[in-house]
Amino acid sequence: MLEAKLNKEQKLYDDYRKFMQEYIDLGHMERVGTFSLAEPQELPYYFLPHHAVVRPESRQSLNDQLLVGPTLQPRLIDNLLSFRTYKVVVTSDVAKMFRQIDVRKEDRRFQQILWRTSPDEDIDVYQLTTVTYGTACAPFLATRALLQTCTDEAEHFPLAAIFGKNSVYMDDVLFGAETVEEALEMQRQLTGMLGKAGFELQKWCSAANYWPAYQRTNWSRNFDIHSIAFSEGPPTKRKVLSDISKFFDPCGLAAPVVMTDKIYMQDLWRGKNKWDVALKEDLAKLWIEYRDELSEMKTIRISRCVLPLRRTVFVELIGFSDASQKGYGANFSLN
């Protein structure tokens, strides 16, 4: 049981109490009664698991009954490519985004949890009053609320309404401008517009020299290969696949390098290598050499801004593609 585990770890128990109390203090959870198996609720209900799982007799999870909803926001790669076209860029995120959106009172019975701050107390039943992280429809509901805010407030915050629809990925906000002054105006509008719906922007970050007292950073950087923790011990097919999955490159900037390990993985499948059996010496040597050579990528520097003069009259886009029996690729450059 969760309570038994928390009783053994006092600090974890204290932190857990603080977290649950915050939910109550912010009105994101409300007490509806004392738990009793002898007095079941008349209407259908569901207890959300928080570590311990408590389910009705149906044995179905809440997510089995929820619709995911359509994708409403642009793709991540679209946001990132757009982010690279501005001279001045700013990032932020929405604080506790899901928990700023109320759930209808008649639906809150499907977001019930059991909780008490001490084993000496009765077990209380609480209902979560806001959209809950982990439910299948939560991303859609959060995005839909954001887009509705952009529509409702477009007359008062015209710039923010446009960027709010096209420059937000879940709770992350990425926007840009040609000057610091324009970026500051965008910040003012976004803060005002989202504030109308209870969305608070936090963790502001920019590379601009004259940006106010927020964190400053430089998004033009080298490939961060050292952050990848490769598997230890003799290589196996499972370890190789695990290492390949650690490459996060949504813009495809490292595609020529990553393609090599994908071809290597195909060779392992064709060789019918077993998942947890050490690879043969020649295959293991190839993989270790490849991993060692990845350190050379740290010398490659990628500039964030690819269009320093966004209002340029003429921009030339040059594309090239090629293919072989093992793969194909394409490259585009701006002039």
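Residues numbered from 1 in each chain as written. Predicted model: local features only at pLDDT ≥ 70, side-chain atom pairs only at ≥ 80, totals over all residues. Heavy atoms only, no water.

Draft legend 1. Here's a closer look at the sheet that holds strand β1 (residues 29–34). One open sheet holds the three strands; their spatial order is β1-β4-β3, and the pairing between them is antiparallel. The open sheet terminates on both sides in strands that have one partner only, identified here as β1 and β3 (112–115). Pairwise comparison of adjacent strand axes, ignoring direction, gives a mean angle of 35° for this sheet. Across the sheet, helix α2 (residues 10–25) is in contact with β1, β3 and β4 (124–128); its angle to β3 comes to roughly 135°. (Pairing = 2+ DSSP bridges. Helix = DSSP H or I, 4+ residues; strand = E, 2+ residues; numbered from the N terminus. Axes fitted to C-alpha atoms, helices over the stretch in contact; angles between N-to-C directions. Contact = heavy atoms within 4.5 Å.)

Draft legend 2. Here's a closer look at unusual backbone geometry. Its identity is not glycine, yet lysine 96 carries a phi of approximately 45°, on the positive side. As for its placement among the helices and strands, lysine 96 is situated in the loop between β2 (88–94) and β3. You can call lysine 96 partly exposed: its relative accessible area is 40%. At lysine 203, a position not held by glycine, the phi torsion is positive, near 55°. On the secondary structure map, lysine 203 appears in strand β7 (residues 201–206). What makes lysine 203 exposed here is its relative accessible area of 61%. (Buried < 20%, exposed > 50% of the residue type's maximum accessible area, 1.4 Å probe, protein only.)

Draft legend 3. Spatial organisation of helix α7 (residues 237–244). Considered for burial, the residues of α7 that qualify are Lys237, Val240, Asp243 and Ile244. Across the axial projection of α7, the buried residues extend over an arc of 125°, all falling on one side. Against α8 (255–270) and α9 (281–293) lie the buried residues of α7. (Arc of directions from axis to C-beta.)

Draft legend 4. Fine view of the packing of α8 against α9. Running from amino to carboxyl end, α8 crosses α9 at an angle of 165°, the nearest separation of the two axes being 12 Å. One element, α8, and the other, α9, form an angle in the roughly antiparallel class. You can see that α8 and α9 cross each other, and the crossing is left-handed. For the pair formed by α8 and α9, the contact residues are Val257, Val258, Thr260, Asp261, Tyr264 and Leu268 on the first element and Leu283, Ala284, Leu286, Trp287 and Tyr290 on the second. Among the residues making up the contact of α8 with α9, the classes are represented as nine nonpolar, one polar and one charged. (Parallel < 35°, antiparallel > 145°, perpendicular 65-115°, else oblique. Left-handed = near helix turned anticlockwise from the far one by under 90°. Nonpolar A, V, L, I, M, F, W, Y, C, P; charged D, E, K, R; others polar.)

Draft legend 5. Local environment of the nonpolar core. Counting residues in hydrophobic clusters, the biggest one holds 33 residues, and the most contacted among them are Val173, Phe175, Leu190, Met193 and Leu201. Counting only elements with at least two residues in this core, the list comes to β2, α4 (138–152), α5 (158–166), β6 (172–177), α6 (180–195) and β7. By residue number, the principal contributor to this core is α6, which donates six residues. (Core = buried A, V, L, I, M, F, W, Y, C linked by side-chain atoms within 4.5 Å.)

Draft legend 6. Examining the packing of α7 against α8 more closely. Look at α7 against α8: their axes get within 11 Å of each other, and the N-to-C directions meet at 155°. It follows from the interaxial angle that α7 and α8 lie roughly antiparallel. Every pair of crossing elements has a handedness; the one defined by α7 and α8 is left-handed. Between α7 and α8, the contacting residues are Lys237, Val240, Leu241 and Ile244 on the first element and Asp261, Tyr264, Met265, Leu268 and Trp269 on the second. A per-class count over the contact of α7 with α8 returns seven nonpolar, no polar and two charged.

Draft legend 7. Spotlight on the packing of aromatic side chains. Inspection of the entire model under this criterion finds nine aromatic pairs. Considering the side-chain rings of tyrosine 86 and phenylalanine 163, the 6.2 Å spacing of their centres and the 45° angle between planes classify their relative orientation as tilted. Note that tyrosine 86 is positioned in the loop between α3 (76–83) and β2 and phenylalanine 163 in helix α5, a separation of 77 residues in sequence. Judged by its relative accessible area of 10%, tyrosine 86 is buried. A relative accessible area of 14% means that phenylalanine 163 is categorised as buried. Counting every residue linked through ring pairs, the aromatic cluster contains Tyr264, Trp287 and Tyr290. (Phe/Tyr/Trp six-rings, centres within 6.5 Å; stacked < 30°, edge-to-face > 60°.)

Draft legend 8. Quick look at α9. In this model, α9 (13 residues) spans 18 Å end to end at C-alpha, consistent with the 18 Å of a helix rising 1.5 Å per residue. Its buried side turned inward, α9 meets α7 and α8. (Expected span 1.5 Å × (residues − 1).)

Draft legend 9. Representation of the pairing of β4 within the structure. β4 sits mainly inside the fold: five of its five residues count as buried. Every second residue of β4 is oriented toward a common face, with Asp124, Tyr126 and Leu128 on one face and Val125 and Gln127 on the other, all of them buried. In this structure, β1 lies alongside β4, joined through five bridges in antiparallel fashion. Counterpart to glutamate 30 in the pairing with β4 is glutamine 127. Two elements, β3 and β4, share four bridges in a ladder whose sense is antiparallel.

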